[in-house]
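One letter stands for each residue in the lines below.
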Amino acid sequence: MVSVSRFAALCLLLGGTTATSVIALSSGAMAQEAFDGGIIRDVRVEGSQRIEGATVQSYLTVRAGDPFDPAKIDQSLKSLFATGLFADVALRRDGGTLVVAVVENPIINRIAFEGNKRVKTEDITAEVQLRPRTVYTRTRVQNDVERIQEIYRRKGRFAARIEPKIVQLEQNRVDLIFEIDEGQMTGVQAISFVNNNVFDDSELREIMITKESRWWRFLSSNDNYDPERLRYDQEQIRRHYLRNGYADFKVLTAVAELTPDREDFFITLTVDEGKRYKFGKIEITSDIPDLDIAPLYQALNTVSGDWYNGDKIEESIKALQDRLGDLQYPFVEVDPLLERNQEDQTIDLLFEMKQSPRVFVERIDVNGNYRTLDKVVRREILLVEGDPFSISKVRRSEQRIKDLGYFLEATITPKEGSSPDQAVLTVDVQEDSSGEIQLGAGYSTTDGALLDFSFRERNLMGKGQDLRLSTTLSKRTFEVDLGLTEPYFLDRDLAAGVDLFRIVRDDSRYYSYSLESTGVTFRLGFPLSEKLRQRLSYSLSQNKIDNVQLGSSRFLLDQRGSTVTSAVESQLLWDERDSRLEPTSGFYFLLSNQLAGLGGDTRYLRNRITGGTYWEPFDQVVLGLTTEAGYIWGMGEKLRINDRFFLGGDTLRGFEVGGVGPRNVPNMNNKDNSDSLGGTIFTRASLELTSKLGLPDELGVKAHMFSDAGTLSSSKETPGQGDMFYDSNKIRASVGVGVSWKSPFGPIRLDLAYPFSKEPYDRTEQLKFSFGTRF
């Protein structure tokens, strides 16, 4: 009796020694003869428990009635092991019977993970391939061990160890337990470069996302080693060299060596910088009939004689595709062909454009909006079915969808439709939580300690409606505001809304009185063009001035009491800024006119003009200039103090809130016992330079230098005999520096301002601090 066993199969897997040769080695010529000659009369399966004998026989390459053939017996052994169902297999001959003896692999009853604190069990379960009621094999277990280790590597834990263990159960079942030692975070002790002569190590490290481990990066994970991140960093370094003329640059090797204690990595990158090139001849060719390529040269960002720049080539390709897309050629391929001239170290550049027909929009598909209605997304798209295709409108539409704030991601992908002259726009969105409840705390030198609560649902019932409730409480202020906005009223681009508000301000520190205001505002906004927007509103409010301090001037005593204000307002905004939150380029212009007197007790016409412009004189240095001017006319009636303009604090740093402008000062030796009366004419300007402090970007620390100037005058008050009344239109000005930090606890800013142009009766405030957070 001769058998082909698990040892034979193992030899097959390890070195290619065939089962037949193993038989020959173990039993010599007798083994060969035992499987050679004769007819297989029967096939008998032994050892199977769950698996039917017929199923085992189905994997064999021989059947009853076939001759005994050593090659086919060898192939049958391979087939049985390849199923993964058996821990051991032996084939033997018993007369005319082929006996197949198997030992089945156990079935997994349960899979458990122990020791995983940093990674959730469900995250590991989603990665591993083994499942309960599947067949246990060592190979599959080892593959899952590698998958779990990869999870921890992505988390920066290269010291993690995973040990699989099994618990034998009855009926050939096992419990599989992965015991996990997560280890410590694996940091980056040092990053060094070899062969870099143009840029030093510190410059190249600044480009990388991967950072060296330092104590101040305790809130960041960029100082943990991640091979995927390192590969991305290599590409960023390559692009940095390409944009500076080094077209032949290569990263030769990137070696990460684990320290003996397995806690950190040493990263060494070896580079070949190559020669520096300039742009040579730059040309455009096209296969598109009747296309005038002369205007396309204006879209190029590459200039002959400038240093070679890979980014400018990509920008030029995008600009050409945008121009062609607006001409209804959205699917044109623009290939940049480079020809190096080694002698003069220049690169000739040819933009080659392939032929394409004019394209129209065939269909628009919206995917991923499980909660948001289709029409909410579609109304932001500047194209409809049948329109001529325009890539610039596609890009603007994509940005409009992102600006809704309902989605984590939003992309519009043009694809070829049912014919070459048709395009299908596929809008893919990933919905984000649109509701939020926030608690806030902070401090400012103006209002003292601050507490605020807000509830907001920006996509009410998936219709895009905005519902908000906000309250603010400080030592001097209580505000509550309830508002609802319908951005597309009557299915038109009309933003209609209503606000209910209640404001109580105890401004005794600055104004010697308290103010209560309760009212309602109705709003309607609509675009006049892509950059120009009109907003109309009507407000009805009751305002009460009370708690006038003892010893206050007669100017304030006359203001006591309640009034009703009924006012309409028009705002016209032209906005060319690249960002409303942190602009770096562009400008805006706002014209506001408010008329009170359509009922109520007060009458006035308030006019205000605001403008700002921003630019980057140097990389990551932003210079901003904002200006504002206003005039309010009482229309023949005396203006209430709460309707006038005030200047100071955030609007004129270096001075207190209301610290500039008309003021009654009974005693110049005690300016704190004085009354700010407000004015009817004001102008102000602010010039601010914002830059980094040389610290790592992830800290979010910026430095500021600023100069503010402004004037406020003409309170329309008539001083009497003995009144120490001051009203000057002289310009007040200040210079200062500040530092801001986007901390994990919220934005923090500290400003130090010096008022170098002021009046003796002005109230100054040189240090201003603000802090806020949300949780």
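Computed from a prediction, not measured in an experiment: that's the story for all the values here.

1. Description of the pattern of salt bridges
Point 1. Taken as a whole and assessed by the stated rule, the structure comprises 41 salt bridges.
Point 2. Among the salt bridges present, the one from D94 reaches R44, with a minimum N-O distance of 3.7 Å. Here D94, found in strand β3 (residues 86–94), pairs with R44, found in strand β2 (residues 42–46); they are 50 residues apart in sequence, far enough to count as distant.
Point 3. Between E628 and R608 there is a salt bridge, with the nearest N and O atoms lying 2.9 Å from each other. Here R608 lies in strand β26 (residues 604–618) and E628 lies in strand β27 (residues 621–633), a separation of 20 residues in the sequence.

2. Details of the sheet that holds strand β15 (residues 407–416)
Point 1. As summarised here, the arrangement of the three strands in space is β14-β16-β15, forming an open sheet in which the pairing is mixed. Only two strands of the sheet have a single partner each, and these edge strands are β14 (360–367) and β15. Within the sheet, the average angular offset between the axes of one strand and its neighbour, ignoring direction, is 15 degrees.
Point 2. Taken together, the seven bridges between β14 and strand β16 (residues 422–431) define a ladder with parallel strand orientation. Across the sheet, residue V366 finds its bridge partner in β16, namely V427.

3. Brief notes about the packing of aromatic side chains
Point 1. Scanning the entire structure with this criterion turns up 11 aromatic pairs.
Point 2. A centroid spacing of 5.0 Å and a plane angle of 50 degrees characterise the contact between F158 and Y225, whose relative ring orientation is tilted. Linking F158 in the loop between α6 (138–154) and β6 (161–169) with Y225 in the loop between α7 (201–207) and α8 (227–242), this pair joins segments that are 67 residues apart in sequence.
Point 3. Using a relative accessible area of 9% as the deciding quantity, one classes Y225 as buried.
Point 4. Seen from their ring centres, F199 and Y241 are 5.1 Å apart, and the 80 degrees between their planes marks the pair as edge-to-face. Of this pair, F199 sits in the loop between β8 (187–194) and α7 while Y241 sits in helix α8, and the two are 42 residues apart along the sequence. Comparing F199 with Y241, the two get one shared label, buried.
Point 5. Taken together, the ring pairs connect F199, Y241, Y246 and F249 into an aromatic cluster.
Point 6. Across from the ring centre of Y588, 4.3 Å away, lies the NZ or CZ of R577, which sits over that ring.

Calculation rules
- Residues numbered from 1 in each chain as written.
- Predicted model: local features only at pLDDT ≥ 70, side-chain atom pairs only at ≥ 80, totals over all residues.
- Heavy atoms only, no water.
- Salt bridge = Lys/Arg side-chain N within 4 Å of Asp/Glu carboxyl O.
- Helix = DSSP H or I, 4+ residues; strand = E, 2+ residues; numbered from the N terminus.
- Pairing = 2+ DSSP bridges.
- Axes fitted to C-alpha atoms, helices over the stretch in contact; angles between N-to-C directions.
- Phe/Tyr/Trp six-rings, centres within 6.5 Å; stacked < 30°, edge-to-face > 60°.
- Buried < 20%, exposed > 50% of the residue type's maximum accessible area, 1.4 Å probe, protein only.
- Lys NZ or Arg CZ within 6 Å of the ring centre and 35° of its normal.

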